[in-house]
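Analysis of the macromolecular model
Residue-level listing of the chains:
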Amino acid sequence: MPGGPVLVAATDATRVEAPVTLKAYLMCAFAAFGGIFFGYDSGYINGVLAMEYVVHKYTGLDPETTADDDFVLPSWQKSLIVSILSLGTFFGAIIAGDCADFIGRRTTVITGCFIFCIGVVMQTASTEYKLLVAGRAIAGIGVGFVSAIIILYMSEIAPKKVRGAIVSGYQFCITIGLLLASCVDYGTEDYDTTASYRIPIALQMLWAIILAVGLFFLPESPRYFVKRGNLDKAAEVLARLRGQSRDSEYIQMELAEIVANHEYELQVIPQGSYINSWAQCFKGSLWKPNSNLRRTILGTSLQMMQQWTGVNFVFYFGTSFFDDLGTIDDPFLISLITTLVNVLSTPISFWTIEKFGRRPLLIWGALGMVICQFIVAIVGVTTDNDSSTKAMIAFICIYIFFFASTWGPGAWVVIGEIFPLPIRSRGVGLSTASNWLWNCIIAVITPYMVGTDKGNLGPRVFFIWGSLCAVCFVYAYFLVYETKGLTLEQVDRLMEETTPRTSSKWVPHSTYASEMGLTEKGTLQPEVIDDVVRRGSAV
Ligand code: BGC
């Protein structure tokens, strides 16, 4: 590869990482902005569908002459408008995994922003529910692109020491998106014009434009270039991301290890046809902890468990739940408080996820949630007065605190780390799709559990969420690996050599590059580079 990078392989796995400049940190952190989409989009629709102007316009009912209980959109329309987004997102996340390998991570996210804007324009233009539904489905595909690939992109570009904190920044942006949605809905709900729903809907385009324009100036993931066999570009972007010169030993070492790991994985996971490369995500033994099948199950089930914590019960149905308790003057205010607790508690994870690690956060976070939810349920079924309602609200807020500082960010951090490069983009896409699928399933079944004319569980529903959080506790204890402070390549090795319960004691002891003998006098051999380039261009 004439004029290409001189790749020096690390021989000592514990060598220090490149000191990262502030600018480099900020570049990685910017991508977290993608979380705003996720939060805003999940949050704004409930408020819009409850607006008087919207109900009047979409149903033709007159608020003056219609009884309050009848002045609503038909349930099936409401449910379709809300859940169609998750459907779009589910497919978007899966398709995006493929695109990320073909056109790059960054370009896939920018494409997602574009698709999203088309969907938003349709929704803004809508004056009846059909166009709104179609617009939400298309916007959902865009959100799927963004939500899956931003995680992949951030995990791949972040320096290992702060990877967890940076991906937690994504969760922080989700919470800000949810808060913004409540505030904007609150601000426009009394307008008596189409501005009531058009403003909250159209505003989303701003997030897409900021993200797309910002990403345009950020570099592509070096791991994508390695996968495509473009080592020159990989060296160049890595140098930009770390704020070091491309010939520096740090950059050469990091790149050599990415290349060597990719080579190693390709020996274990040969790439083939398109179908075959999808099939790779499900290959291997169910009993082998590091098999691809196990990693795919781990990523998808972790996101499922995150939804099973019941957090969206509070965000999607909190207002009506508090209303049904009967002793609360302003249920909207309580909802706003839970949303604020969510925003303010998330940044704690920036520090704890790197200091204590992923496992303790998920294990202790689940335990904290179990305790709070059982207290809410027990207080709710045994007493019925002002102070018991206040106690329930307090424990719901503490429960949100535990979610926001542990499982909220933790689930996203872990799915960005557990897949080897050949199946990473699809693995992250599938895991994100699982988040949206369960999000949707829970949103659809919850009204049947709590609706006063249906299951009417009331506060007893917290026994269900509490029990599911107990499952999360056991799940985290037995299945989640400790991956803090390791490069993605070291995580791959960790999963081969240890079990979740012993993973926190594992230390990197060698590198792929040195072990595989890909190097000669510390430099990757020219034939290895040629091989990577040839194979990459054939993908
Ligand atoms: C979850 C969402 C949830 C949000 C709350 C995210 O990590 O995936 O479903 O609404 O956190 O902050």
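Predicted model only: the values in this text are computed from it and were never measured.

1. Focus: the pattern of salt bridges
Any two side chains of opposite charge can pair, so long as their charged atoms come close to each other. Enumeration according to the criterion identifies 15 salt bridges in this entry. The shortest N-O distance in the salt bridge between glutamate 156 and arginine 424 comes to 2.8 Å. Highlighted residues: glutamate 156 in helix H6 (residues 129-157) and arginine 424 in helix H20 (residues 421-450), separated in sequence by 268 residues. As a salt-bridge pair, glutamate 354 and arginine 358 come within 3.3 Å of each other at their nearest N and O atoms. Accessibility classification places glutamate 354 together with arginine 358 in one group, the buried group. Three or more residues joined by partner-sharing salt bridges are found here, namely Asp101, Arg105, Glu156, Lys227 and Arg424.

2. A closer look at a nonpolar patch on the surface
Nonpolar side chains collect at one region of the surface, where Leu333, Leu336, Ile337, Leu340 and Leu344 lie side by side and expose about 430 Å² of accessible area between them. Summarising the element assignment, leucine 344 is placed in helix H16 (residues 331-345). Judged by relative accessible area, leucine 344 falls into the exposed class, the value being 63%.

3. Some remarks on the state of the cysteines
Counted by the stated rule, this structure contains zero disulfides. Lacking any disulfide linkage, cysteine 99 is separated from the closest cysteine sulfur, that of cysteine 113, by 13 Å. Cysteine 113 provides the cysteine sulfur closest to cysteine 173, a residue in no disulfide bond, and the two sulfurs are 13 Å apart. Among the residues examined, cysteine 173 registers a relative accessible area of 11% and is labelled buried.

4. Some points on the environment of tryptophan 364
Mapped onto the elements, tryptophan 364 comes out in helix H18 (residues 358-382). The exposed category is assigned to tryptophan 364, whose relative accessible area is 56%. Once the C-alpha coordinates of tryptophan 364 and valine 314 are considered, the two residues, 50 residues apart in sequence, prove to be 20 Å apart.

5. Some details on the domain arrangement of the chain
By a widely used convention, the size of an interface equals the accessible area lost when the partners come together. Looking at the assigned domains, one finds that the chain contains domain 1 (22-218 + 284-488) and domain 2 (223-268 + 510-539). When each unit is reduced to the centre of its C-alpha atoms, the spacing between domain 1 and domain 2 is 36 Å. Contacts between the two partners involve 20 residues from domain 1 and, on the opposite side, eleven residues from domain 2. Across the domain 1/domain 2 interface, buried area totals approximately 1500 Å², and carbon plus sulfur atoms make up 58% of it. Counting every contact that joins domain 1 to domain 2 gives one salt bridge. The interface formed by domain 1 and domain 2 holds six residue pairs in polar contact (both at pLDDT 80 or more) in total. Within the residue set of the side of domain 1 that touches domain 2, elements represented by two or more residues are helix H1 (22-30), helix H4 (75-102), H6 and H20.

6. Examining helix H14 (residues 292-308)
For H14, built from 17 residues, the straight-helix expectation of 24 Å at 1.5 Å per residue is met to within 8% by its first-to-last C-alpha distance of 24 Å. For H14, the buried fraction is high: 13 of the 17 residues fall into the buried class. Following H14 by one or two positions, glycine 310 has its phi on the positive side, about 85°.

7. Details of the site of the ligand
Near the ligand there are 15 residues, and of these Gln171, Gln306, Gln307, Asn312 and Asn342 occur at the shortest range. Side-chain polar atom of tryptophan 412 to an oxygen atom of the ligand: 3.0 Å apart, as the coordinates give it. A distance of 3.0 Å separates an oxygen atom of the ligand from a polar atom in the side chain of asparagine 435. Here the ligand loses 100% of its free accessible area of 310 Å² to cover by the protein chains. The element that contributes the greatest number of residues to the shell around the ligand is helix H7 (residues 163-188), accounting for four residues. In terms of residue class, the shell around the ligand is made up of six nonpolar, nine polar and no charged.

8. A look at the packing of aromatic side chains
Scanning all chains against the criterion turns up 25 aromatic pairs. Summarising the aromatic geometry, the rings of tyrosine 170 and tryptophan 412 are spaced 5.6 Å apart at their centres and angled 75° between planes, so their arrangement reads as edge-to-face. Highlighted residues: tyrosine 170 in helix H7 and tryptophan 412 in helix H19 (residues 386-415), separated in sequence by 242 residues. Pair check on accessibility: tyrosine 170 and tryptophan 412 agree, each one buried. The interplanar angle of 90° and the centroid separation of 5.7 Å between the aromatic rings of tryptophan 308 and tryptophan 438 together place this pair among those described as edge-to-face. Of the two residues, tryptophan 308 is situated in helix H14 and tryptophan 438 in helix H20; the sequence distance between them amounts to 130 residues. The partly exposed category is assigned to tryptophan 308, whose relative accessible area is 21%.

9. With respect to the nonpolar core
In terms of nonpolar packing, the biggest core is built from 132 residues, with Tyr170, Leu211, Leu302, Phe313, Trp407 and Phe462 touching the most fellow members. Residue contributions to this core peak at 15 residues, all from H6. Counting residues in hydrophobic clusters, the runner-up holds twelve residues, among them Ala234, Val237, Ile251 and Ile258.

Conventions used here
Residues numbered from 1 in each chain as written. Predicted model: local features only at pLDDT ≥ 70, side-chain atom pairs only at ≥ 80, totals over all residues. Heavy atoms only, no water. Salt bridge = Lys/Arg side-chain N within 4 Å of Asp/Glu carboxyl O. Helix = DSSP H or I, 4+ residues; strand = E, 2+ residues; numbered from the N terminus. Buried < 20%, exposed > 50% of the residue type's maximum accessible area, 1.4 Å probe, protein only. Patch = residues over 30% accessible without salt bridge, like charges linked within 9 Å, V, L, I, M, F, W, Y side chains within 5 Å. Areas by Shrake-Rupley, 256 points an atom, 1.4 Å probe, with all protein chains shown as cover. Disulfide = S-S within 2.5 Å. Domains from an automatic or database assignment. Contact = heavy atoms within 4.5 Å. Buried area = accessible area lost by both parts, 1.4 Å probe. Polar contact = N/O pair within 3.5 Å; in protein donor to acceptor, adjacent residues only side chain to side chain. Expected span 1.5 Å × (residues − 1). Near = heavy atom within 4 Å. Nonpolar A, V, L, I, M, F, W, Y, C, P; charged D, E, K, R; others polar. Phe/Tyr/Trp six-rings, centres within 6.5 Å; stacked < 30°, edge-to-face > 60°. Core = buried A, V, L, I, M, F, W, Y, C linked by side-chain atoms within 4.5 Å.

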